[in-house]
Every structure is written in structure tokens, then in C-alpha cells.
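# Report on the structure
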Amino acid sequence: MMEALFLNHSSMLLKSGDEYLLADPWHEKPAFSSWMPSFPMATHPVYIASLDKVSILVSHPHQDHFDTDVIKLFNPDVPIISRFPWAGVEGRPFIKCNPSVDVGRFKIKSYACGDSDAAYTVESDGSLVLLANDNWNLSPEILAAVKADIGTKRVLYCSQVGSASGWPLNYRCYSEDGKKYLLAEKIKKMADTSLANAKYLGLEGYVAYAGYALPFVEGKHYHKQFDFALPEGALDFVPGDVWSAGEIRKAFIRPASVHKKAEEYYRLYGLVPEVSGEVAPGFVERLREFLKEFRSFGEKMGIKDKAFYIEIADMDYFKLMRFGIGSSKSTKNLYTTSAVMDKVLRGEMLFEALYTGYLGEWSRYPGDVHNQDITDAITAFSYVWMDKVKRKEAV
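Before going into details, it helps to say that this report is about the structure given with it.

In this section: the side chain of Thr375. Tracing the sequence through the fold places Thr375 in helix H9 (residues 373–394). Those residues within four positions of Thr375 in sequence are excluded, and the remaining contacts are Lys332, Tyr355 and Trp362.

Next up, the structure:
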């Protein structure tokens, strides 16, 4: 029979016979320059890396799903399996899963969710595990395809329920009570959709995962905003528990205040992420070049009648950049520091750290209307920028 051990966040260890599949490992490497797992791995990765027959499945290359440091523990012949070639690691076998591949006893299928993420099903021994990763809002086409594969199989469905971006906590345009309300509504929508998906698949519930992260930002208390509580419709299946043939075996240890103790552990061992350092000469010139190229990139992506405002308070620098002709008010405002922004400009950190990683503060106009195209565009552009910086350094 196939078993699934919930390790933490989005990480599962699947076992069939004497073979293992480790999905989306994340140990102690900060994600987005600020996140740490609120549940440390239920089984230390040293034990998993010591297994004889193990493969690694990577849904997408975000750091909370793809801890490249922990992967170094595994023998060089242990393969990476993914839909996306850029999830490969130099010197390690890569197995492409597009749309499906058999790896030992595991039959793996991938379902594209946009350009850079995917949901995966893993089948073995009459059981099926659906790892939706960050895709709580699965399309009707994906749900129908998975349902067609279920038949009489025992199914475990894992769906993201938890905030995976800074909104609304790092937005200045909301009151503290407003932030709490919007965060609760955001998570409720994910939970309600995940439960509806489970019902469509003929399941009693789902596993709430991909939301067990603590963002540590100096001078802020974002990490204290996330209390562990299972949402409505979620199975009582948390890190340390094992799913086997449709039944859940509870862990020997039942954590009560895991978030608090995880924070104490990270501080005790010096693992809390910090973003600091000297700003290199030429910062303003680099920033102007970055913004100029981003504007061209954003216009090619179709952004118009909007504006982007950036403020570097410690350098008394601000810039308003328009896309087309539109409102005199800025659509998206970013407030950050030179130390943080310079790491982006020097290719040491992705721009996502300022949004998903809470290292910037934001506001938007109108405050009650989603207008994510600018942040999506600058996030995509930062990958282009980082590649340019690295190529320049290699010359």
C-alpha cells in the first residue's frame, strides 16, 4: 500500500513498498528571504537522504517547495522529477513529467497551472495522492481529469490554505482591523474552494497545506499573525501524521504551540533570516536602469492606464512611472529600503521577496480592487533582470 507522511508546509514523503518519493522539500533555507517553516520537518532530512530508493518531486522552483540546500544531502544519483526543466539541479539526473512518467512503483501525472506551477497526482498500490501545491483554485478541466482517474482508488487531496503573499498584511492602505478581516476572508475563500473541490472528487475533506510558513521581517510582527487552526472541511492531518490506505495515523507527538516553539528554535540557533549589508556604489543608477527596463517590459505585457510608484525612504528617492495615460493617482505604491532593493538590483534576491516575502510595504488604488498586474509584471521582470546580472558577471 502507498503511505504518505506529512513532513511540513507542502512537503510529503510517499512510500510504496521499499521505494520513497519526497515531494517539495523545505527544511531551514529561508524562502523569499524571510519565510521559515512554521512546522519544522517532522522527520529530519538526514534520515530521508539516507534511504536507498528515493526520488524527489518538485512542483515548481519556489524556495518553499524547492530547498536546494537540503537536496545537496542526497546522493548524486537521486533524480529530480518535475514538469519544469528549470527545477533541475546540475550534476543530478532530471526526469521530466509532462504530462506523466512512471518512476519505479509511482505513476506521476502533472497538470499545468499557469506558466510556472503545476498540480501532480501520484498513484501506487490502488491509492492516489493529489498534490495541488499553490493551486487551491484548480480548473474544472484539471478536476475532471483527476476525477476520471480516481475510480475505486483511495484518495488524499492536498490543497493550499494559507496566505502565500504579503497581501493584505504589508499594505499601508488598510487599518489593522481591516488587514485581519481581509486575511481571514482570503483564507476562508481558499478553504471553501478546497472543500468544494473535494466534494466534486467524491471526498469527505482535504488536507490543508502549503500555508505553514512564518515571515520574519525586522521591526515587524507578521509572523505572529498566523495561528494554527484547521479550517472547516480540512482533515485532521498535520505534519507528523501518516495517511495509509485511506486511514490517518496520528503522530506520537501532537504539537500545541508549534508556531511559538518554532520561532524560539530559529532564534536560538541563529536561523531567523536577516536582510542587511552595505549598499554598493551606483545604487541610483542601477535602480534607474531597472525601472526603465521594467517599464518597457510592462508595456509589452499590456499594462496601460496605470502607474507604479517606488519610494526609498532612507535615500529620499522616489519615482512615479506611468503606463499609458490614466489616473493621476498611483495604482501600485512600493515603500522599501536601499539595502533591500540593492539586493534585487545586484541579482542577489528576487523581487518577490518584497511582495511575497513581506520585505516591502505596499498600497494600492483603489484599495478594494485587485490590480495585481503590476506586481506580476515586475516579479516576472526580476527573473529577466537577475539572469542579465548573472550573465554580465560571468563575462
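Bringing a nonpolar patch on the surface into the picture now. The grouping of Val46, Tyr47 and Leu73 at the surface amounts to a nonpolar patch, some 320 Å² of accessible area in total. Assignment of secondary structure puts Leu73 in the loop between helix H2 (68–71) and strand E6 (80–82). Overall, the relative accessible area of 42% leaves Leu73 in the partly exposed class.

Topologically, Asp342 is positioned in helix H7 (residues 338–345). When its relative accessible area of 1% is taken as the criterion, Asp342 is described as buried. Ignoring sequence-local partners within four residues, the contact set of Asp342 consists of Glu278, Val279, Ala280, Phe283 and Arg286.

Formed by 44 residues in total, the largest nonpolar core has its most connected members in Leu287, Phe290, Phe294, Phe308 and Met341. For this core, the secondary structure elements donating two or more residues are helix H6 (283–300), strand E17 (306–312), strand E18 (317–323), H7, helix H8 (352–355) and H9. Among the elements that line this core, the one with the most residues is H9, at six residues. When neighbours within four sequence positions are excluded, Leu287 is seen to be in contact with Ile310, Ile312, Tyr317, Met341 and Leu345. In this structure, Leu57, Ile81, Ala210 and Phe237 belong to the second largest nonpolar core, which totals 30 residues.

Interaxial distance between H6 and H9 falls to 10 Å at its minimum, and their mutual angle equals 120°. Considered as vectors, H6 and H9 are oriented oblique to each other. Here H6 and H9 pass one another in a crossing that is right-handed. Across the interface between the two elements, Arg286, Glu289, Phe290, Glu293, Phe294 and Phe297 of H6 pack against Ile374, Ala377, Ile378, Ala380, Phe381, Val384, Trp385 and Lys388 of H9. Residue classes in the contact of H6 with H9 are distributed as ten nonpolar, no polar and four charged.

It is worth spelling out the pairing of strand E9 (residues 106–112) at this point. The element E9 is extensively covered by neighbouring structure, given that five of its seven residues are classed as buried. Between strand E8 (residues 100–103) and E9, which pair antiparallel and follow one another directly, the connecting turn spans two residues, one of which, Gly104, has a positive phi of 60°. For E9 and strand E10 (residues 118–124), the ladder comprises six bridges, and the chain directions are antiparallel. Paired with Ser110 across the strands is Tyr120, a residue of E10. In this structure, the hairpin formed by E9 and E10 is closed by a connection of five residues, where Gly114 is found at a positive phi of approximately 80°.

Taken in spatial order, the eight strands line up as E7-E6-E5-E3-E2-E1-E15-E16 in an open sheet, and their pairing is mixed. Lying at the two open borders of the sheet, with one neighbouring strand each, are strand E7 (94–96) and strand E16 (247–249). Shown here is a sheet whose adjacent strand axes are inclined to one another by a mean of 25°, direction ignored. Where E6 and E7 come together, three bridges link them in parallel fashion. Opposite Ile81, over in E7, you have Ile95 as the bridge partner.

If you walk through the whole model with that rule in mind, you get 27 salt bridges. With its nearest N and O atoms 3.0 Å apart, the salt bridge here joins Arg105 to Asp125. Taken as a pair, Arg105 in the loop between E8 and E9 and Asp125 in the loop between E10 and strand E11 (127–131) lie far apart in primary sequence, 20 residues in all. One salt bridge connects Glu176 with Lys179, and the closest N-O pair in it is separated by 3.3 Å. Here Glu176 and its partner Lys179 are both found in helix H4 (residues 176–200), three residues apart, which amounts to about one turn of the helix. Counted as one network, the salt bridges with shared partners bring together Arg286, Asp342, Lys343, Arg346 and Glu348.

Reading guide: rules and limits
- Residues numbered from 1 in each chain as written.
- Predicted model: local features only at pLDDT ≥ 70, side-chain atom pairs only at ≥ 80, totals over all residues.
- Heavy atoms only, no water.
- Helix = DSSP H or I, 4+ residues; strand = E, 2+ residues; numbered from the N terminus.
- Contact = heavy atoms within 4.5 Å.
- Patch = residues over 30% accessible without salt bridge, like charges linked within 9 Å, V, L, I, M, F, W, Y side chains within 5 Å.
- Areas by Shrake-Rupley, 256 points an atom, 1.4 Å probe, with all protein chains shown as cover.
- Salt bridge = Lys/Arg side-chain N within 4 Å of Asp/Glu carboxyl O.
- Buried < 20%, exposed > 50% of the residue type's maximum accessible area, 1.4 Å probe, protein only.
- Core = buried A, V, L, I, M, F, W, Y, C linked by side-chain atoms within 4.5 Å.
- Axes fitted to C-alpha atoms, helices over the stretch in contact; angles between N-to-C directions.
- Parallel < 35°, antiparallel > 145°, perpendicular 65-115°, else oblique.
- Left-handed = near helix turned anticlockwise from the far one by under 90°.
- Nonpolar A, V, L, I, M, F, W, Y, C, P; charged D, E, K, R; others polar.
- Pairing = 2+ DSSP bridges.

None of this, on its own, says anything about what the molecule does.
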